Amino acid sequence: MTETKQKEVDLLALFSDVAPAADAVEQLRLVGVRDDEINVLSGVPVTGAMLGREPHPTNVPKIAMGGAILGFLTGAFLTFVTPYWYPYPIRVSTQAYVPAPPTVIVLFEITMLGMLLSTFVGVFMDSFFPNYRPMKYVPEISDGKIAVFVECESGDQNKIIDLLKKLGAESVKPAEAQHL
Amino acid sequence: MADKKPHDEHSHEEEMRKKHLMLDPLPRGKMNEMVMEAMLEKPTWKFWVVFLVLSFIVAYCLFYKWYVLITKGQGEAGVMRPDYWGIFLVNTVFWIGISHAGTFISAILRVFKAEFRRPFTRIAELMTTFGLVQAGFSVLMHMGRTWLFYWLIPYPNQRMLWPNLHSPLTWDLLAITTYLLSSTMYLFLPLIPDVAMARDRSTGWRKKFYRVLALGFRGTEGEWRHLHNAMNIFAFAIIPVMFSVHTIVSWDFAAATRPGWSSTIYGPYFIVGALHSGMGAAAVVLAVVQGTMKNMKYFVRGEHFDAIGKLMLIISMSWAYFYFNDYIVQWYGGDKWTRIMLHFHEAGPLGWMWFTMLIVNIAIPWAVLWNAKWRSNPWIISVVGIGINVGMWFERYLIVPVSVAINRMPFTWRLYQPGIEVPMGIGTLALFILLYMMASKLIPFIPVWEVQEGQLAHEFKKFGRETVVSVSELE
């Protein structure tokens, strides 16, 4: 790409199918556009493999695991610790004061609750939800079009527009942030 | 040999397309438009009449009667010795049962990649959330002092006493809360792309509403990946949660040493019973949606009723197996009180309920659902579904107040006579239907992106001389 510092522009190319969009991603890479300067938006899940890109990193499983551990510890606190905090503990004959089988139930429920709540929160954290600021988007995406956003320097704009059009883009235009 | 007509490939494909939604794709924009039309269609006068009648029933039977129950006390209900557990708990078990269909259809079928699930997962998931709301209400009604429900929440009270976490009633709170929260989140996650679609196609207050719900979703690779991961975790994790909920409900009974209740098979028996009523209800809801909402005949077809019908048949057989298993062991045990109670079920004043239960839960489903043509008919399958729900409600009635009536102290025997519980129970049913009606106008009932994803994965393929359907693994 050009050496001198130029103004960056965002281009939006709309494709009707995944295959030309994947070709476009490949060709953009060949002309020197970095992977992190390309973003693909779609109305159905389009995986990294379909686009010939590395899968997008996600922390959701790790966050879920963290939530499960936190849930387990909360359950353990409720079942193993709180009975000993009673001012007047009632002990019945030879019965265990903290019996194991009911403890398993409480541990299971609270572990699962922790895991599922954190999975949900994980989606919000990883996707930066909710986000109501103006964003680059066109409604055609939810109508099935595949949008390829490319960040490039203004000097390369025409070259990239030509390339994307040659690869089957239905339209290529500068992307503008708007309230969704 | 008779002359065989040459194989008409084109008409075979046409027929397949007509039958199967996954083979009959429309442009995404068109499908979006159809789903939006169904949601935004101006309600007819019939809709308003049903809406107003249901609103009145909810206001009077549920909330006003609840006010009466609170101000006058539990004496308004028919619960007294020995029937301390009445219709409120029958309804709790019933509604939790209904809620199981949503998870079954959405999570289990998603895990096993059953393609027919795609258009009706949301309709089923709504059943889970709305059913659990009614179950929660029913428990609160049963508590009597509803306003003190927070005593169940695990925190120390003024005397530094924590709730007894080894009591089945505390397990109930934990299990139902976990299930309600997780099923609501599981309903919301796959809804995000659809509300984003609705946001792109709305104006005015709806635009604002969907904008808030869509959370800024645009469909980036990252957003899809996080969503997909989360939905997979939910689909796997919510299944054991669903199993635990009804098993814990069954332990409320099975952990007691009462005749008829103390059973080791109650956990799985309750789960199968829950799925039985839930699948029946799902068939009814699907038939109503297909029959009353615009464009739904494209998305919900005979193949879907056929698939639900097969599941209903298998579940009916499983329920019969578990019921008989529970019955034969209790009957063979020879305990005097259990024998009297079983005889009371069959030949007592509510014997008609016992026989009806067996007819509508076993005989009718087996007689009807073996036939592919019958089970593909929305009207026939909904009649069977309504029958199953009546039968399953009777089953819970027999388990709760009727079984409680017979105990080891004959001088206390008394047949339960319900009071205020009846209108309040009707109120929960009306609220369930009302919530569905409101949801039909506010959220897209069809997960369009899931339907399109399925359609992209399906294609015709030549296999020898035959054209067969091939499904690709897109995930």
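Remember, predicted model here, so these are calculated numbers, not experimental data.

Further remarks concern the pattern of salt bridges. Residues and elements named next belong to chain A. Summed over all chains, the structure comprises 22 salt bridges over all chains. One salt bridge in this structure joins Arg-34 and Glu-37, with 3.4 Å as the shortest N-O distance. Glu-170 is paired through a salt bridge with Lys-145; the nearest N and O atoms lie 3.2 Å apart. Linking Glu-170 in the loop between α5 (157–166) and β5 (171–174) with Lys-145 in the loop between β3 (135–136) and β4 (146–153), this pair joins segments that are 25 residues apart in sequence. The partly exposed category is assigned to Lys-145, whose relative accessible area is 24%.

Our next topic: the interface of chain A and chain B. Between chain A and chain B, the contact holds 62 residues from the first and 56 residues from the second. Taking both sides of the interface into account, the surface hidden between chain A and chain B amounts to around 5200 Å²; carbon and sulfur atoms contribute 69%. Ionic pairing is found between Arg53(A) and Glu221(B), a salt bridge with its closest N-O pair at 2.8 Å. Linking chain A to chain B there are 22 residue pairs in polar contact (both at pLDDT 80 or more). Breaking the side of chain A that touches chain B down by element, the ones donating at least two residues are β2 (38–41), α2 (48–51), α3 (60–81), α4 (100–127) and β3 of chain A. Per element, the largest residue contribution to the side of chain A that touches chain B is 18 residues, and it comes from α4(A). Taken together, the residues of the side of chain A that touches chain B sort by class into 41 nonpolar, 16 polar and five charged.

Further remarks concern the domain arrangement of chain A. As assigned here, chain A comprises domain 1 (8–44 + 144–178) and domain 2 (60–87 + 94–127). Here the C-alpha centroids of domain 1 of chain A and domain 2 of chain A sit 46 Å apart.

Another point: the pairing of strand β2 (residues 466–471) of chain B. All names here are of chain B. Where strand β1 (residues 458–463) and β2 come together, six bridges link them in antiparallel fashion. Looking at the pairing, Phe-463 lines up with Glu-466 of β2. The turn joining β1 and β2, which pair antiparallel and follow one another in sequence, is formed by two residues; a positive phi near 65° is taken by Gly-464.

All names here are of chain A. The strand order β2-β4-β1-β5 describes an open sheet built from four strands, whose pairing is antiparallel. With one partner strand each, in any of the chains shown, β2 and β5 form the two edges of the open sheet. Recorded for the sheet is a direction-independent mean angle of 20° between the axes of neighbouring strands. Sheet topology places β2 next to β4; four bridges connect them, and they run antiparallel. When the sheet's bridge partners are listed, Leu-41 is paired in β4 with Ala-147.

Attention now goes to the packing of helix α4 (residues 87–111) of chain B against helix α5 (residues 121–143) of chain B. Residues and elements named next belong to chain B. For the pair α4 and α5, the least separation of the axes is 7 Å and the interaxial angle reads 155°. In terms of axis orientation, α4 runs roughly antiparallel to α5. Judged by the twist between their axes, the crossing of α4 over α5 is left-handed. By residue class, the composition of the contact of α4 with α5 is 13 nonpolar, twelve polar and two charged.

Residues and elements named next belong to chain A. Orientation of helix α1 (residues 18–30) relative to α5, taken along the N-to-C sense of each, is 145°, at an axis distance of 10 Å. When you trace α1 past α5, the crossing you get is right-handed. Where α1 abuts α5, its residues Ala-24, Gln-27 and Leu-28 lie against Ile-160, Leu-163 and Leu-164. Among the residues making up the contact of α1 with α5, the classes are represented as five nonpolar, one polar and no charged.

Mean pLDDT over chain B stands at 92; residues scoring 70 or higher make up 98%. With a pTM of 0.92, the predicted complex shows an ipTM of 0.92.

Our focus in this paragraph is a nonpolar patch on the surface. Together, Met143(B), Phe149(B), Tyr150(B), Trp151(B), Ile153(B) and Tyr155(B) make up an exposed nonpolar region whose accessible area comes to about 570 Å². As for its placement among the helices and strands, Met143(B) is situated in helix α5.

The side chains of a regular strand alternate, residue by residue, between the two faces of the sheet. Residue and element names in this part refer to chain A. The element β4 is largely enclosed, with a buried count of seven among its eight residues. The pairing of strand β1 (residues 8–15) with β4 spans eight bridges and is antiparallel. Of the residues in β4, the one forming a bridge with Glu-8 is Glu-153.

All names here are of chain B. With the rule as written, the count across this model stands at 50 aromatic pairs over all chains. Note on Tyr-298 and Phe-299: the rings are 4.9 Å apart at their centroids and 80° apart in plane angle, and the pair reads as edge-to-face. By way of ring pairs, the aromatic residues Trp-85, Phe-253, Trp-261, Tyr-266, Tyr-269, Phe-270, Trp-319, Tyr-323 and Tyr-327 are connected into one cluster. Lying across the ring of Trp-261, Arg-258 places its NZ or CZ 5.6 Å from the centre. Looking at Lys-441, its charged tip hangs above the ring of Phe-47, at a distance of 5.4 Å from the centre.

Residue and element names in this part refer to chain A. Looking at the element boundaries, Asp-10 is found in strand β1. A relative accessible area of 16% places Asp-10 in the buried class. At 2.6 Å, the side chain of Asp-10 forms a polar contact with the side chain of Lys-136. The residues touching Asp-10, leaving out its near neighbours within four places in the chain, are Lys-136, Val-150, Glu-151, Lys-173, Pro-174 and Ala-175.

Rules and cut-offs
- Residues numbered from 1 in each chain as written.
- Chains lettered and ligands numbered in written order.
- Predicted model: local features only at pLDDT ≥ 70, side-chain atom pairs only at ≥ 80, totals over all residues.
- Heavy atoms only, no water.
- Salt bridge = Lys/Arg side-chain N within 4 Å of Asp/Glu carboxyl O.
- Helix = DSSP H or I, 4+ residues; strand = E, 2+ residues; numbered from the N terminus.
- Buried < 20%, exposed > 50% of the residue type's maximum accessible area, 1.4 Å probe, protein only.
- Contact = heavy atoms within 4.5 Å.
- Buried area = accessible area lost by both parts, 1.4 Å probe.
- Polar contact = N/O pair within 3.5 Å; in protein donor to acceptor, adjacent residues only side chain to side chain.
- Nonpolar A, V, L, I, M, F, W, Y, C, P; charged D, E, K, R; others polar.
- Domains from an automatic or database assignment.
- Pairing = 2+ DSSP bridges.
- Axes fitted to C-alpha atoms, helices over the stretch in contact; angles between N-to-C directions.
- Parallel < 35°, antiparallel > 145°, perpendicular 65-115°, else oblique.
- Left-handed = near helix turned anticlockwise from the far one by under 90°.
- pLDDT = per-residue confidence, 0-100.
- Patch = residues over 30% accessible without salt bridge, like charges linked within 9 Å, V, L, I, M, F, W, Y side chains within 5 Å.
- Areas by Shrake-Rupley, 256 points an atom, 1.4 Å probe, with all protein chains shown as cover.
- Phe/Tyr/Trp six-rings, centres within 6.5 Å; stacked < 30°, edge-to-face > 60°.
- Lys NZ or Arg CZ within 6 Å of the ring centre and 35° of its normal.

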